[in-house]
Structures are given as structure tokens and as C-alpha cells.
Amino acid sequence: MAITIETRDCSGLGDSDFVEMADLCAVSSSAYEVGSLSKQAEAWVLLTEARDNGKLRGFSFCTLERIGGTPCVLIGAGHTCRTTRRDTVLRGVIADQMRRAAMSFPDEDVLFGMQINDHGAFEAFKTLHDVVPRSGHKATGEERAWGRRLAKRFGIGSLSYDDRVFTTRGKGQPGVVFDHASLKPERIPAETTELLSSLVCEDGDTLVVHGWVTAEELEKLL
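This write-up is about the structure you can find in this document.

Calculation notes
In this numbering scheme, every chain counts its residues from 1 along its sequence in written order. Local features in this predicted model are restricted to residues of pLDDT 70 or higher, and side-chain atom pairs are both shown and tallied only at a pLDDT of 80 or more, whereas totals for entire chains, interfaces and linings draw on every residue. Only hydrogens and water are removed before side-chain values are computed, so all heavy atoms of the structure are retained for them. In DSSP terms, a helix is any run of H or I states spanning at least four residues, a strand is any run of E spanning at least two, and both are numbered starting from the N terminus. Throughout, radius of gyration means the C-alpha value; the globule benchmark is 2.2 Å times the number of residues raised to the power 0.38. Each residue is assigned to one of three classes by its accessible area relative to the maximum for its type, calculated with a 1.4 Å probe on protein chains only: buried under 20%, partly exposed between the two thresholds, exposed over 50%. Note on contacts: a residue pair qualifies if any of its non-hydrogen atoms lie within 4.5 Å across the two residues. A residue counts as positive if it is Lys or Arg and as negative if it is Asp or Glu; His and the chain ends are not included. To locate a charge, take atom NZ for lysine, CZ for arginine, CG for aspartate or CD for glutamate. To qualify as a nonpolar core, a set must consist of buried Ala, Val, Leu, Ile, Met, Phe, Trp, Tyr and Cys residues joined through side-chain atoms within 4.5 Å. The disulfide criterion used throughout: a pair of cysteine sulfur atoms within 2.5 Å. Every axis in this analysis is a line fitted to C-alpha atoms, fitted for helices over the stretch in contact. Angles between the N-to-C directions lie between 0 and 180 degrees. Should an angle fall under 35 degrees it is taken as roughly parallel, and over 145 as roughly antiparallel, whereas 65 to 115 is taken as roughly perpendicular and any remaining angle as oblique. The hand of a helix crossing depends on one turn: near helix anticlockwise from the far one by less than a right angle means left-handed, and clockwise means right-handed. Gly counts as polar in this scheme, as do all residues outside two lists: the nonpolar Ala, Val, Leu, Ile, Met, Phe, Trp, Tyr, Cys and Pro, and the charged Asp, Glu, Lys and Arg. Salt bridge, as applied in this entry: a Lys or Arg side-chain nitrogen positioned within 4 Å of an Asp or Glu carboxyl oxygen. Within 3.5 Å is the distance limit for a polar contact, defined as a pair of N or O atoms, with the added protein rule that one can donate a hydrogen and the other accept it, and that residues adjacent in sequence qualify only through two side-chain atoms. Throughout, the arc means that of the directions going from the helix axis to the C-beta atoms. Note on aromatic contacts: the rings of Phe and Tyr and the six-membered ring of Trp form a pair at centre separations within 6.5 Å, being stacked when their planes are under 30 degrees apart, edge-to-face when over 60 apart, and tilted otherwise.

Describing the overall build of the protein
Next, step 1: For the protein, the helix and strand inventory stands at 6 helices and 10 strands.
Next, step 2: Radius of gyration (C-alpha) of the protein: 16 Å, near the 17 Å computed for a compact globule of 222 residues.
Next, step 3: Each principal axis of the C-alpha distribution contributes one length, and for the protein these read about 45 × 40 × 35 Å.
Next, step 4: Per-residue burial for the protein yields a buried fraction of 49% across its 222 residues.
Next, step 5: Across the protein, contacts joining residues at least 24 apart in sequence account for 75% of those joining residues at least 6 apart.
Next, step 6: In the protein, 26 side chains carry a positive charge and 33 a negative one; their mean positions are 2 Å apart.

Structural data, given as C-alpha cells:
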């Protein structure tokens, strides 16, 4: 059966929704608990869900907004199942958020930003352009500025963020990341893995990543 995707308003979420999400990601190192998920619902506007035959297989909190006039899709806590269908779940979640961006920001390029702590989560950026950070690329001043803007939007203090390497230093609490583990981690280039090598995930360290989708690509989704 096909994976079905639905995006809901966070104001309509209840305790049963948070329990279902917490149960899904209990096996992960980013095992969000009911209380933290409830706080995410207060911090974000939308929740995108992926279901297989009615069973939750992935989710992602997000919001569509402008930062300094630039249209953005900002992604908070998220998780994909650890089954063999995780790639399908990931593609479905990102595609639905792109479709909403196409409706909200017609004829404009859109920035996607999130925090990650697993190299597998770079797969969310497969179809995006100018992804930063990326291996072999020296970030420009504007790209570093975008890292700072996103870190600020994610509630990260300037003293906890290093804009040279796009990393945040946690304070002993789990990081708020989009949690996706690659189905084939052996195929991930060592250079990509190196981008996260300095993170101490147990302390809540994260990597702030962003990329772009063009207006022409978004138009095809409508």
C-alpha cells in the first residue's frame, strides 16, 4: 500500500498524537518524549505525517515563513521509521512540504533549513541546490549569514553556534533535529560523514543545514 502524506495544523494535535509520535521514535537516539513533542507543537505551525495503512511511519514539524523577505520552510523535530520504507517516507514528507511552499510562495525560490545530527539526514537535501555545509565547499559570507539567521530562528544563542562550521553546541539536552538514518550508510561518502564528526550528540550538538529549491521546480508540484 502506498505511503499517504498529510499535513495538519499543530493546534489540532492532542495527547494521543504525541504518544504515537513518541512510540515511533523510541528506538532512535533522538527519542523524543511526549513532553518535548508537545513543546514542538507550540513552537511550530504545521505537522507533516507519513502513514502506511494508517500506521504512523514518519513526521516532521515545520513552518513556512519569510526571513528578511526570503521565503523559507523551516523544519523542527522530525523522525522517519527504521523500516525498509524509510526512504519513501522521507521523500513523501519533503515533497509535501515543497508542495506547500509552491502554494505559499509562487514564482519564488525557497530555502529549506533544519538541524541534523546524523549524516543520513542529508538525504532530505538530495533534490535541493547549493546545500550548505557540504564537502569540498568553502561557505561564502552570505551562506554563513544564513547559518546564523537559521540558528537564531531555531532559538540557538550566538555563543553556542559556530558559523564557520555550522555547528551548535548543546547543553546536555537532546538536540531538536530531523532524525533520519540512511538505509545504506555504507554508501555515504566519508567527506559527508566528516561534516558531523565533531558533534557530541549526547550533549545535543547539531549541524545547521540549508538548501534551495527553485521556483521552476516548485511549480511542477502544483
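Section: the nonpolar core
Next, step 1: Of all hydrophobic cores here, the largest spans 62 residues; its most connected members are Phe 59 and Phe 61.
Next, step 2: Broken down by element, the residue count for this core peaks at 7 residues, all from helix 3 (residues 86-104).

A short note on the state of the cysteines
Next, step 1: Using the criterion set out here, one finds 0 disulfides in the structure.
Next, step 2: Of the cysteine sulfurs around Cys 72, a residue in no disulfide, the closest is that of Cys 62, at 13 Å.
Next, step 3: Judged by its relative accessible area of 0%, Cys 72 falls in the buried class.
Next, step 4: Take Cys 81: it sits in no disulfide, and the sulfur closest to it among the cysteines is that of Cys 25, at 12 Å.
Next, step 5: Here Cys 81 falls in the buried class, since its relative accessible area comes to 3%.

With respect to the packing of helix 1 (residues 15-24) against helix 2 (residues 34-43)
Next, step 1: Look at helix 1 against helix 2: their axes get within 9 Å of each other, and the N-to-C directions meet at 120°. Judged on the interaxial angle alone, helix 2 and helix 1 are oblique. Here helix 1 runs over helix 2; the crossing is right-handed. From helix 1, Phe 18, Val 19, Met 21 and Ala 22 reach across to helix 2, where they touch Val 34, Leu 37, Ser 38 and Ala 41.
Next, step 2: In terms of residue class, the contact of helix 1 with helix 2 is made up of 7 nonpolar, 1 polar and no charged.

What to know about the pattern of salt bridges
Next, step 1: Scanning the model with the defined rule gives 15 salt bridges in all.
Next, step 2: With a shortest N-O distance of 3.0 Å, Arg 85 and Asp 52 are connected by a salt bridge. Taken together, the residues Arg 85 in the loop between strand 4 (70-80) and helix 3 and Asp 52 in strand 2 (residues 46-52) connect sequence positions 33 residues apart.
Next, step 3: You can call Arg 85 partly exposed: its relative accessible area is 27%.

Concerning the side chain of Asp 179
Next, step 1: Along the polypeptide, Asp 179 turns up in strand 9 (residues 178-179).
Next, step 2: Overall, the relative accessible area of 2% leaves Asp 179 in the buried class.
Next, step 3: Of the polar contacts made by the side chain of Asp 179, one reaches the side chain of His 79; its length is 3.1 Å.
Next, step 4: At 3.0 Å, the side chain of Asp 179 forms a polar contact with the side chain of Arg 82.
Next, step 5: Excluding anything up to four places from it in sequence, Asp 179 contacts Ser 28, Ser 30, Gly 78, His 79, Thr 80 and Arg 82.

Considering helix 2
Next, step 1: All of the buried residues in helix 2 are Leu 37, Gln 40 and Ala 41. With its buried residues spanning 100° around the axis, helix 2 presents them on a single face. In this structure, helix 2 carries Lys 39 and Glu 42 as exposed residues pointing more than 90 degrees from its buried face.
Next, step 2: Packed against the buried residues of helix 2 are helix 1, strand 3 (55-67) and strand 4.

Quick word on the packing of aromatic side chains
Next, step 1: With the rule as written, the count across this model stands at 3 aromatic pairs.
Next, step 2: Relative to Phe 154, the ring of Trp 44 lies with its centre 6.2 Å away and its plane at 55°, an arrangement referred to as tilted. Placement of Trp 44 in the loop between helix 2 and strand 2 and of Phe 154 in the loop between helix 4 (141-153) and strand 7 (161-162) is noted, with a sequence separation of 110 residues between them.
Next, step 3: On the numbers, 6.0 Å between centres and 85° between planes, the contact of Trp 146 with Trp 212 is edge-to-face. Residue Trp 146 is found in helix 4, and its partner Trp 212 is found in strand 10 (residues 206-213); the two are separated by 66 residues along the sequence.

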